Amino acid sequence: MRKVLKFGGSSLASAEQFKKVEAIIKSDNSVAYVVPSAPGKRNSSDTKVTDMLLHVYATACAGQDISAEMDAIKARYNEIIEGLGLKDFNLDADFEEIANSLKTAPEKDYTASRGEYLNGKIMAAYLGIPFIDAKDIIFFNDEGKLNTYKTQKVMEAKLAEYDKAVVPGFYGMGKDGKVKTFSRGGSDVTGSIVAQAAKVDVYENWTDVSGFLTADPRIVDNPKPIKYITYRELRELSYMGASVLHEDAIFPVRQVGIPINIRNTNIPTDEGTWIVESTARKQDYVITGIAGKKDFCTVFISKAMMNSEIGFCRKVLQAFEDNNISVEHMPSGIDTMTVVVHQDEFMEKEQKVISAIHRLAKPDAIEIESGLALVAVVGRGMKSASGTAGKLCTALANAGVNIKMIDQGSSELNIIIGIRNEDFELASKAIYKAFIG
Ligand code: ASP
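Description of the structure in this document.

How each quantity is defined
Residues numbered from 1 in each chain as written. Predicted model: local features only at pLDDT ≥ 70, side-chain atom pairs only at ≥ 80, totals over all residues. Heavy atoms only, no water. Near = heavy atom within 4 Å. Polar contact = N/O pair within 3.5 Å; in protein donor to acceptor, adjacent residues only side chain to side chain. Areas by Shrake-Rupley, 256 points an atom, 1.4 Å probe, with all protein chains shown as cover. Nonpolar A, V, L, I, M, F, W, Y, C, P; charged D, E, K, R; others polar. Helix = DSSP H or I, 4+ residues; strand = E, 2+ residues; numbered from the N terminus. Expected span 1.5 Å × (residues − 1). Buried < 20%, exposed > 50% of the residue type's maximum accessible area, 1.4 Å probe, protein only. Arc of directions from axis to C-beta. Contact = heavy atoms within 4.5 Å. Pairing = 2+ DSSP bridges. Axes fitted to C-alpha atoms, helices over the stretch in contact; angles between N-to-C directions. Parallel < 35°, antiparallel > 145°, perpendicular 65-115°, else oblique. Left-handed = near helix turned anticlockwise from the far one by under 90°. Core = buried A, V, L, I, M, F, W, Y, C linked by side-chain atoms within 4.5 Å.

## Notes on the site of the ligand
Here is step 1 of the chain: Every residue close to the ligand is listed here: Ser37, Ala38, Lys48, Thr50, Glu116, Phe170, Arg184, Gly185, Gly186 and Ser187.
Here is step 2 of the chain: Within the backbone of Gly186, one N or O atom sits 3.4 Å away from an oxygen atom of the ligand.
Here is step 3 of the chain: The backbone of Ser187 places a nitrogen or oxygen atom 3.0 Å from an oxygen atom of the ligand.
Here is step 4 of the chain: Burial of the ligand by the surrounding chains reaches 92%, relative to a free accessible area of 260 Å².
Here is step 5 of the chain: For the shell around the ligand, a count of residues per class yields 2 nonpolar, 5 polar and 3 charged.

## As for helix α1 (residues 15–26)
Here is step 1 of the chain: Under the 1.5 Å per step criterion, the end-to-end length of α1 is 16 Å for 12 residues, consistent within 8% with the ideal 16 Å.
Here is step 2 of the chain: Buried within α1 we find Ala15, Gln17, Phe18, Val21, Ile24 and Ile25. Buried residues of α1, viewed axially, fall in a sector of 170°; they line one side. In α1, those exposed residues whose orientation departs by more than 90 degrees from the buried face are Glu16 and Lys26.
Here is step 3 of the chain: In this structure, the buried side of α1 is in contact with β1 (3–7), β2 (31–36), α3 (67–83), α5 (108–127) and β6 (202–207).

## Some details on the sheet that holds β1
Here is step 1 of the chain: Spatially, the 7 strands line up as an open sheet ordered β3-β2-β1-β6-β8-β9-β7, and their pairing is mixed. Edge positions in the sheet fall to β3 (165–166) and β7 (228–230), since each of these pairs with one other strand and no more.
Here is step 2 of the chain: In this structure, β2 lies alongside β3, joined through 2 bridges in parallel fashion. When the sheet's bridge partners are listed, Val34 is paired in β3 with Val166.
Here is step 3 of the chain: Relative to β2, helix α7 (residues 187–198) is tilted by about 155°, and along the sheet it contacts β1, β2 and β6.

## A closer look at the packing of α3 against helix α4 (residues 92–104)
Here is step 1 of the chain: It is at 11 Å that the axes of α3 and α4 come closest, and there the two elements cross at 155°. With respect to α4, the element α3 is oriented roughly antiparallel. Classified by chirality, the crossing of α4 by α3 is right-handed. Contacts between α3 and α4 involve Met70, Lys74, Tyr77 and Asn78 from the first element and Phe95, Ile98, Ala99 and Leu102 from the second.

## Focus: the nonpolar core
Here is step 1 of the chain: Formed by 88 residues in total, the largest nonpolar core has its most connected members in Phe7, Ile122, Met123, Leu159, Leu245 and Ile275.
Here is step 2 of the chain: In terms of residue count, α5 provides more of this core than any other element does, 8 residues in total.
Here is step 3 of the chain: Those residues in contact with Ile122 that sit more than four places away from it in its chain are Phe18, Tyr77, Ile80, Ile81, Leu84, Leu86, Phe89 and Leu91.
Here is step 4 of the chain: Among the nonpolar cores identified, the runner-up in size contains 21 residues, and Val220, Val375, Val401 and Phe424 belong to it.

## Description of the pairing of β2
Here is step 1 of the chain: Most of β2 is tucked away: 6 of the 6 residues are buried.
Here is step 2 of the chain: Here β1 runs beside β2; their pairing, made up of 5 bridges, is parallel. Looking across to β2, one finds that Val4 is bridged to Tyr33.

## Focus: the environment of Ser67
Here is step 1 of the chain: Within the element layout of this structure, Ser67 appears in helix α3.
Here is step 2 of the chain: For Ser67, a relative accessible area of 34% gives the class partly exposed.

In short, shape yes, function no, at least from these values alone.
Laid out in structure tokens, this is it:
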């Protein structure tokens, strides 16, 4: 068994956290590669090092003095180095290099990436294993997207030289030869790419929660954890707002069938959540999880005999496409159709879209409503259970929530309901209670 372990920012925010990480790594013979994030928050009022770096970059661009901010960043790392008792190790030359680059030609991605780079160096020194600079093994193409082919080829060859190594997360090299980062939270992606290239058996992603929860803990008290979730279910839940893992982290491991295990650095005995391709394990509940988002708009379009007009939907959708607006859902009736869109994407272009629909599709009437929330009830178990939609509707009716839209895909993996923004919390609680208890 071989594994890649990725540790998030809060798992590496201080020397104490580093010690927990060391204990996790040392207690597991199967650890091959370790992917660290930059130091995160030590407490709720703290600042992540990546944010400090982005701030000092802005200060440098404004031509202001960076010394106080650089000192604060140095202090974060030196506190860790000292706390770990690392003798004969320091990052002074690196700090100087970063300060010089900020003074001469500040680069945003390079500056932001130093959080992971420096933390990776500390980790390699502390664990006594080699450090591989991500810029030498992760490559982006002209469009700024990951160059999968080159990355896999070069990374595979490089990793083969080492049994164990630290690869800092979040960045690689752009087509122009400069450091380039993934989007925020991108160390998850690095971990996934490393797991894929090294063909390990498991990608463990260590964070500060014991995996995915069946509902948002800000809404439902102590929601039950999810033990097993499929990639597809996760995609549905993440899309609707459940966030633990960077969205792009799924694809590399999914391609080669490597499961992801989300674990809690602060409670390493918790099993966490397993994200898998498919599983025969029986679920504790019919549904796997509930997630949702507020602030959608509905555009209701009616036209007599719409059902027999070939191409009507296409013309309506053309109006959205021309205005660069993505469509979320599209429930329809015989002479009506409703297009659900994100409020913030739609608002400023609404009149343009309406006139485009009139011009292209010549409807009888268009009505817009805002303040819609969507709740997704996701679960592979729904396929073989009857009465899920009935139970859902009953729960909402008993809670006095009016359902404005309901949409179940033919995959029977999820049911999406549209309700008023004000009912969002109430609805989420009622659904949780009905299915999970
Ligand atoms: N340090 C980066 C961020 O704060 C990347 C990461 O932690 O995954 O977004």
